[in-house]
Amino acid sequence: MYGLISLLSLWAIPVLLAFILVHAWSQRVPVYETFVEGARGGLVTSIKIMPHLVAMMVAITLFRESGAMELLLGSLRPLLQWLHVPSEIVPLALMRPLSGTGSLAITTDLIAQYGPDSLLGRLASTMQGSTDTTLYVLTVYFGAVGIRNGAYALKVGLWSDLAGVVASLIVVYLVFG
């Protein structure tokens, strides 16, 4: 079974690309010109969203490097202990809506330090999969299409992230104790 899945995963992308090219050719689509036009549009979009990405990355770096994260953790520690929430997981919960790469680095550190089968490793993995990079998504997609007022989307996204964090805690504690 493993061999079959490996073979399928090896050939899936080349077969898909070949199918797209053959189908486009049969429909008389100018493949190369269409590709170049799409690449040009992608480049324009990348340039348009660059200021938004730089601003977000600067804000994240300032938050982490200024000590604000540690100050926040220190003030939340009594509440976290009362709720039986490991304080080591809070940086991931705070970073996940901001940056996928930053949150993945935190998850990787937690798994490396505590192990993948530890409560923290399982909690970090579940939280990583149950939440999204809300601010990144809003920055990139809203910036790309020029949406200036994303207040409702931001509220819904952050509430969804909070629900994902709480659900991760509940499910991991129920399943893995």
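Our subject is the structure that appears above.
Below you will find a few notes about this structure. (Residues numbered from 1 in each chain as written. Predicted model: local features only at pLDDT ≥ 70, side-chain atom pairs only at ≥ 80, totals over all residues. Heavy atoms only, no water.)

Concerning helix H3 (residues 68-83)
Right, so step 1: The first and last C-alpha atoms of H3 sit 22 Å apart over 16 residues, in line with the 22 Å expected at 1.5 Å per residue.
Right, so step 2: Here H3 has its buried residues at Met69, Leu73 and Leu80.
Right, so step 3: At its buried positions, H3 is contacted by helix H2 (31-65) and helix H4 (90-95).
Right, so step 4: Once H3 ends, the next one or two residues include histidine 84, with phi positive near 60°. (Helix = DSSP H or I, 4+ residues; strand = E, 2+ residues; numbered from the N terminus. Expected span 1.5 Å × (residues − 1). Buried < 20%, exposed > 50% of the residue type's maximum accessible area, 1.4 Å probe, protein only. Contact = heavy atoms within 4.5 Å.)

Things to note about the environment of isoleucine 47
Right, so step 1: Here isoleucine 47 lies in helix H2.
Right, so step 2: Take isoleucine 47: its relative accessible area is 58%, and that puts it in the exposed class.
Right, so step 3: Sequence separation between isoleucine 47 and alanine 144 is 97 residues; the distance between their C-alpha atoms is 9.1 Å.

Considering the side chain of threonine 131
Right, so step 1: Its place among the elements puts threonine 131 in the loop between helix H6 (119-130) and helix H7 (134-145).
Right, so step 2: In contact with threonine 131, other than residues within four places in its own chain, are Arg96, Asp161, Gly164 and Val165.

Quick word on the packing of H7 against helix H8 (residues 151-176)
Right, so step 1: Where H7 contacts H8, the two axes come as close as 9 Å, and the packing angle between them is 150°. When the axes of H7 and H8 are compared, the pair comes out roughly antiparallel. In this structure, H7 crosses over H8, and the sense of that crossing is right-handed. Each of Thr134, Leu135, Leu138 and Phe142 in H7 lies in contact with H8, whose residues at this interface are Ala153, Leu154, Gly157, Leu158 and Asp161.
Right, so step 2: A breakdown of the residues in the contact of H7 with H8 according to their chemical character gives 6 nonpolar, 2 polar and 1 charged. (Axes fitted to C-alpha atoms, helices over the stretch in contact; angles between N-to-C directions. Parallel < 35°, antiparallel > 145°, perpendicular 65-115°, else oblique. Left-handed = near helix turned anticlockwise from the far one by under 90°. Nonpolar A, V, L, I, M, F, W, Y, C, P; charged D, E, K, R; others polar.)

Comments concerning the pattern of salt bridges
Right, so step 1: Evaluated as defined, the whole model comprises 1 salt bridge.
Right, so step 2: Between aspartate 117 and arginine 122 there is a salt bridge, with its nearest N and O atoms 3.8 Å apart.
Right, so step 3: For aspartate 117, a relative accessible area of 58% corresponds to the exposed category. (Salt bridge = Lys/Arg side-chain N within 4 Å of Asp/Glu carboxyl O.)

Scope: geometric values only; no functional claims are made or implied.
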